[in-house]
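# Commentary on secondary and tertiary structure
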Amino acid sequence: MSTNLSDFIPAPLKQLNFSLYFWGQGISLVGSWIQSAALSWLVYKITSSTSALGLLTFSAQVPMAIFTLFGGDIADTFQKKKILYITQTAFTFVALLMFLATIEHANFWFFIMLTSISGFIAAFDMPTRQAFVVELVDKKEDLPQAIALNSGMFNAARIIGPTIAGFLVALFGEAICFLINAISFLAVLTSLFFIKTKKGENLTKKVGANFKEAYNFTINSKEILMAIAILSMGGFLGISYMVLLPAIAKIILNTNVQGYGLLMGSSGLGSLVAALFLGTRKNTSNLINIVKRSSLLLSASLIGIAIFQNFVCSMIFLFLSGFGLISLAVTTNTLIQIKTPNNIRGKMMSIYSLSFIGLSPFGALVIGFLSNSIGIEPTLILCGFTLLLADIFIFKL
């Protein structure tokens, strides 16, 4: 039997709408990760404070935590494609403002304001993008693979973006990274222009409809409720390695901005491998077991980063951390998408987003100030052990 090259192409990528979105969003996300890495490095260079890094994460995620449920409601009420036009254009202007602010040597608080604006935009963008994926595939059985590919694209950008940012910052400074991000949004805006979806399908009649149904659906599904609880703890404590990474690179590993980019890339590679692994799974049974194992791996990896303090070991444990965190997030996403009715999908995706980011701003603040008080290594160990105990408690419920 002869094998065609097309046999190796995942089914969603053979579909025009998903393929357009995949590549357009992929280019844009590389730009976003270039900006994210450059911004964290710039803030730490300006302040030399891990508390400032925690505050940076807090400022981006608190607006998301506050408004993401409303963002999911909007996604169920209006055309998702039009919402994404607005959010992606708004992100473009924020990136341009960061570019100008860097050139003008704006102070730390101006960047905090801009990240807060980005967080507000993301509250509408994230649940819409998550729910939009289902409209881009022709068959429901292709949905788990489409979700995994979407996550794989996101995490491939996590490898490519920070690595590029490390060299760009070393050669040209941080400002160029923000300009590149602004330009990269043209890719996703162009892809949205060519995507054709059915108008008005699965939309609710008014804002606020079906919130009770989404709440009851979550409470009454033991697997979804457990997965959301575990993901919430991962968002609260599991992000500690991401918040502290510039300080880990500079203080513990004594490396430069290129080394920092490689460390971020290692975490992104772990995330990409997790997404690809999940993308090859056609069996969607026992997803809750993957959620449990992923969280346990994440907690062990945090402890490993703190204990084994050389560059190679750090890259290995960051790889495992990225694998654990994204495996946890993608599997929870898939579990929810498979079980959710279309008319509450946007709201369920906002619940998913909220579970991931709802506690993470406060976790970032706690992690930042705690590391200033007791040190980076003890903070990572404390986060790892606390996450492990929380997992064991949730498993027994």
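Not measured: the values here are computed from a predicted model.

### A look at the packing of helix α1 (residues 16–47) against helix α2 (residues 50–77)
Axis separation between α1 and α2 bottoms out at 9 Å; the angle between their running directions is 140 degrees. Looking at the two axes, α1 sits oblique to α2. Crossing of α1 over α2 shows right-handed handedness. Where α1 approaches α2, its residues Leu39, Ser40, Val43, Tyr44 and Thr47 are matched on the opposing element by Thr50, Ala52, Leu53 and Leu56. Counted by class, the contact of α1 with α2 contains 6 nonpolar, 3 polar and no charged residues.

### Let's talk about the nonpolar core
Among the nonpolar cores identified, the biggest contains 109 residues, and Phe18, Ile248 and Tyr260 are the most heavily contacted of them. Mapped onto the domain boundaries, this core takes at least three residues apiece from domain 1 (13–196) and domain 2 (210–396). Filtering out sequence-adjacent residues up to four positions away, Ile248 remains in contact with Tyr241, Leu253, Ile305, Ile376 and Leu380.

### Focus: the side chain of Thr334
If you trace the backbone, Thr334 turns up in helix α12 (residues 311–339). The exposure class of Thr334 is buried, given its relative accessible area of 8%. Once residues lying within four places of it in the same chain are set aside, the contact partners of Thr334 are Pro144, Ile147 and Leu287.

### So, the side chain of Asp125
Inspection of the secondary structure puts Asp125 in helix α4 (residues 108–132). Asp125 gets classed as buried once you look at its relative accessible area, which sits at 2%. Within polar-contact distance, the side chain of Asp125 engages the side chain of Gln88 at 2.8 Å. Setting aside anything within four residues of it in sequence, one finds Asp125 in contact with Leu84, Thr87, Gln88 and Phe91.

### A closer look at the domain arrangement of the protein
What the domain assignment lists for the protein is domain 1 (13–196) and domain 2 (210–396). If you average the C-alpha positions of domain 1 and of domain 2, the two centres end up 19 Å apart. With 46 residues of domain 1 at the interface, the matching set in domain 2 holds 55 residues. Summed over both partners, the interface of domain 1 with domain 2 comes to about 4300 Å²; 71% of that surface belongs to carbon and sulfur atoms.

### Digging into the packing of aromatic side chains
Overall, the coordinates contain 11 aromatic pairs when judged by the stated rule. The interplanar angle of 15 degrees and the centroid separation of 5.9 Å between the aromatic rings of Phe91 and Phe185 together place this pair among those described as stacked. Here Phe185 lies in helix α6 (residues 175–194) and Phe91 lies in helix α3 (residues 80–103), a separation of 94 residues in the sequence. Its relative accessible area of 4% is what places Phe185 among the buried residues. For Lys250, the ring lying beneath its charged end belongs to Trp41, and the centroid distance is 5.3 Å.

### Describing a nonpolar patch on the surface
On the surface, Ile66, Phe67 and Phe120 cluster together to form a nonpolar patch covering roughly 270 Å² of accessible area. If you trace the backbone, Phe120 turns up in helix α4.

The rules behind each value
- Throughout this description, residue numbers start from 1 for each chain and increase along the sequence as written.
- Under the rules for a predicted model, residues below a pLDDT of 70 receive no local features and side-chain atom pairs below 80 are neither given nor counted, while totals for whole chains, interfaces and linings still include all residues.
- Note that water and hydrogens are dropped before the side-chain values are worked out from all heavy atoms of the structure.
- Under this scheme, a helix contributes an axis fitted over its contacting stretch, all axes are lines through C-alpha atoms, and angles between N-to-C directions fall in the 0 to 180 degree range.
- Helix and strand assignments follow DSSP, with helices taken as H or I runs no shorter than four residues and strands as E runs no shorter than two, numbered in order from the N terminus.
- An angle below 35 degrees is read as roughly parallel, one above 145 as roughly antiparallel, one from 65 to 115 as roughly perpendicular, and any other as oblique.
- Each crossing is labelled by how the near helix is turned from the far one, with a counterclockwise turn of less than a right angle marking it left-handed and a clockwise turn marking it right-handed.
- Whether two residues are in contact is decided by their heavy atoms, any of which lying within 4.5 Å being enough.
- Three classes are used: nonpolar for Ala, Val, Leu, Ile, Met, Phe, Trp, Tyr, Cys and Pro, charged for Asp, Glu, Lys and Arg, and polar for all others, with Gly counted as polar.
- Remark: nonpolar core denotes a set of buried residues (Ala, Val, Leu, Ile, Met, Phe, Trp, Tyr, Cys) joined through side-chain atoms within 4.5 Å.
- Remark: exposure states derive from per-residue accessible area (1.4 Å probe, protein chains only) relative to the maximum for the residue type, with buried under 20%, exposed over 50%, and partly exposed in between.
- Boundaries of every domain are those given by an automatic assignment or by a domain database.
- Polar contacts here mean pairs of N or O atoms no more than 3.5 Å apart (in protein, one a potential hydrogen donor and the other a potential acceptor; neighbouring residues in sequence count only if both atoms are side-chain atoms).
- For any pair of parts, buried area is found by adding up, for both, the accessible area (1.4 Å probe) each one loses once the two are put together.
- Two rings from Phe, Tyr or Trp (for Trp, the six-membered ring) form a pair when their centres are within 6.5 Å of each other. A pair whose planes differ by under 30 degrees is stacked, one over 60 is edge-to-face, and the rest are tilted.
- Ring-over charges, as used throughout, are those where CZ of Arg or NZ of Lys falls within 6 Å of the ring centre and within 35 degrees of the ring normal.
- Here, patches come from residues exposed beyond 30% relative accessible area and free of salt bridges, joined within 9 Å for like charges and within 5 Å for nonpolar side chains (Val, Leu, Ile, Met, Phe, Trp, Tyr).
- Exposure was quantified through the Shrake-Rupley algorithm and a 1.4 Å probe, taking into account, for residues, occlusion by the shown protein chains and nothing else.
- A pair is scored as a salt bridge if a Lys or Arg side-chain nitrogen falls within 4 Å of a carboxyl oxygen belonging to Asp or Glu.

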